[in-house]
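The chain contents come next:
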Amino acid sequence: MSSHYDVIVVGLGAMGSATCYHLAGRGAKVLGLERFDLPHAQGSSHGYSRHTKTAVYVDTPYEPFIGRSFELWRLLEGETGQQILVTTGYLRMADTGTWDHLRGKVRHEVLTADELAYRYPQFTLTSDYHGLYDPNGGLLRPELAIASHLIQASRSGAEIHGREAVTGWKETAQSVEVETGRGRYSADQVVFCSGSWTAPLIADLGISMTVTRQPLAWVWPARNAASFDVGALPIWQIPAPEYDGEYYGFPMMPDHPGFKLALHRYGEASDPDNLDRSARPEDEEEVRVCLRRYIPDADGPLTALRICMYTRTADDHPVLDRHPNYARVTVGCGFSGTGFKFSSVFGEWLAETALGQQTTIENDTFRFERLLESDHTDD
Ligand SMILES: Cc1cc2nc3c(=O)[nH]c(=O)nc-3n(C[C@H](O)[C@H](O)[C@H](O)COP(=O)(O)OP(=O)(O)OC[C@H]3O[C@@H](n4cnc5c(N)ncnc54)[C@H](O)[C@@H]3O)c2cc1C
């Protein structure tokens, strides 16, 4: 079999599904290739929920992207009739720091320890804690988002293949040739959105990325379960001094039993083909520490524990760029544990770039160049 496309997208997780959607929506002839099922639980995009929020991105290079991401999620919801983004508010609790720099820039509230205790009695905090409440925060439903992007892409004419791994590719003067276990295809452009499997693609640039093992846990609250339901609790985040990281979590949703929480810190370095997806006692203990310390009412039986992967660059920021050595190759990778919320807009950027169009959002930051200059990944 040999077919020619405008663009082939390799990997149909968060970024690839969104890229296909934006390409097909612009009238391109698109082929999307995914090695596993659509969607699946072996990459970085499973687990029923992801945080999104706005206030923390004020005055960062992500600021224009986050605003556009919300517009695009709402557009996708309008097209599909699905609720992909559930606005819950975002609550950041901390015992140090201030949020003075947000004043006048974004809607938010700063909460004292007393206000936190009154509004969110689910948390047991000492009097030195204060809170930032971002009313725009909410949870994205990743499996539904990926499915929605792919369904809409297919309806706009994209060809979407599951269980078809790309085994090789090469760029020629006329096209890019892509080989899979099932066939051979050519295209004017290829976009690699291969998540934790992207490292070999950029190895020739001397850029390394670290893949880490990241557990996610769900528990059924021991008491007052209704106070952990969506509507009663925002998405939240709080320091994890024991682990030099942050705990974060979600209100309970009707599509998965349990109160979901996890530890955000870079876990054990791994390899995507040999990731240990078994549940270890220390995975559960990580979240038990949080429950005992901050949320004792939720410290009930485990309902699920899953393993996911972060793909980390040397400076913990992603790469959205054309490959410096291949004119027909665009890459979106290295989202370092925070990419899902941006997938709607990063997909738009990748699609526009592959088609040689002016991008809706300018991207001066998330380029290969900065990593070529100083790659210091060592953990
Ligand atoms: C535990 C955890 C919690 C997170 N929490 C948040 C959060 O709250 N908010 C947030 O914004 N982000 C969060 N993230 C990060 C976010 O989920 C990721 O940045 C994002 O999902 C990455 O998407 P991706 O498309 O790059 O990777 P993936 O979704 O893994 O997609 C890559 C795809 O490429 C496919 N592929 C690879 N090689 C090939 C090949 N040769 N042929 C065909 N297909 C191939 C893979 O099978 C995979 O489907 C979290 C991540 C984890 C692991």
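A quick note: this is a predicted structure, and the numbers were derived from the prediction, not measured. All residue numbers here refer to positions counted from 1 along the written sequence of the relevant chain. Where totals are concerned, whole chains, interfaces and linings use all residues; where local detail is concerned, this predicted model gives features only for residues with pLDDT of at least 70, and gives and counts side-chain atom pairs only at 80 or more.

Student: It is not clear to me how the sheet that holds strand β4 (residues 85-87) should be interpreted in this structure. Could you clarify?
Tutor: In sheet architecture, strand pairing relies on hydrogen bonds along the backbone and comes in two forms, parallel and antiparallel. Spatial ordering of the open sheet is given by β3-β8-β4, a layout of three strands whose pairing is antiparallel. In this open sheet, the two strands that pair with only one neighbour each are β3 (50-52) and β4. Here the average twist between neighbouring strands, direction ignored, is 30°. Where β4 and strand β8 (residues 138-140) come together, three bridges link them in antiparallel fashion. The pairing criterion is simple: DSSP has to find at least two bridges between the two strands. Strands here are runs of E lasting at least two residues and helices are runs of H or I lasting at least four, both read from the DSSP assignment and numbered beginning at the N terminus. Orientation is described by axes fitted as lines to C-alpha atoms, over the contacting stretch for helices, and by angles from 0 to 180 degrees between their N-to-C directions.

Student: Just checking my understanding: could you explain helix α6 (residues 281-294) for this structure?
Tutor: One turn of an α-helix holds 3.6 residues; hence residues three or four places apart share an orientation. Residue count minus one, scaled by 1.5 Å, sets the expected span of a helix. Across its 14 residues, α6 extends 20 Å between first and last C-alpha, which sits within 8% of the 20 Å expected from 1.5 Å per residue. On the buried face of α6, the contacting elements are β13 (210-219), β14 (235-240), β15 (245-249), β16 (259-264) and β18 (302-312). With C-beta atoms placed from the backbone, a contact is any residue pair whose C-beta atoms sit within 7 Å.

Student: Just checking my understanding: could you explain the site of the ligand for this structure?
Tutor: Nearness here is judged by the C-beta atom: place it from the backbone, and if it falls within 6 Å of a molecule or strand, the residue counts as near that partner. Looking at the ligand, there are 34 residues lining it, with Gly11, Gly13, Gly43, Gly195 and Gly339 nearest. Among the secondary structure elements, those contributing two or more residues to the shell around the ligand are α1 (14-25), β3, β13 and β18. A breakdown of the residues in the shell around the ligand according to their chemical character gives 17 nonpolar, 13 polar and four charged. For the domain bounds, the source is a domain assignment made automatically or taken from a database. Both domains that furnish three or more residues to the shell around the ligand are identified here as domain 1 (2-49 + 142-205 + 315-373) and domain 2 (90-135 + 210-312). In this count, Pro and Cys sit with the nonpolar residues alongside Ala, Val, Leu, Ile, Met, Phe, Trp and Tyr, while Asp, Glu, Lys and Arg are called charged and the others, Gly among them, polar.

Student: Just checking my understanding: could you explain the pairing of strand β12 (residues 184-192) for this structure?
Tutor: Put simply, side chains in a regular strand alternate between the two faces of the sheet. The pairing of strand β11 (residues 176-180) with β12 spans four bridges and is antiparallel. Residue pairing across strands places Glu179 opposite Arg184, the latter belonging to β12. Summarising the sheet, β12 and strand β20 (residues 329-333) pair through three bridges and their orientation is parallel. Bridge pairing links Val191 to Thr330 in β20.

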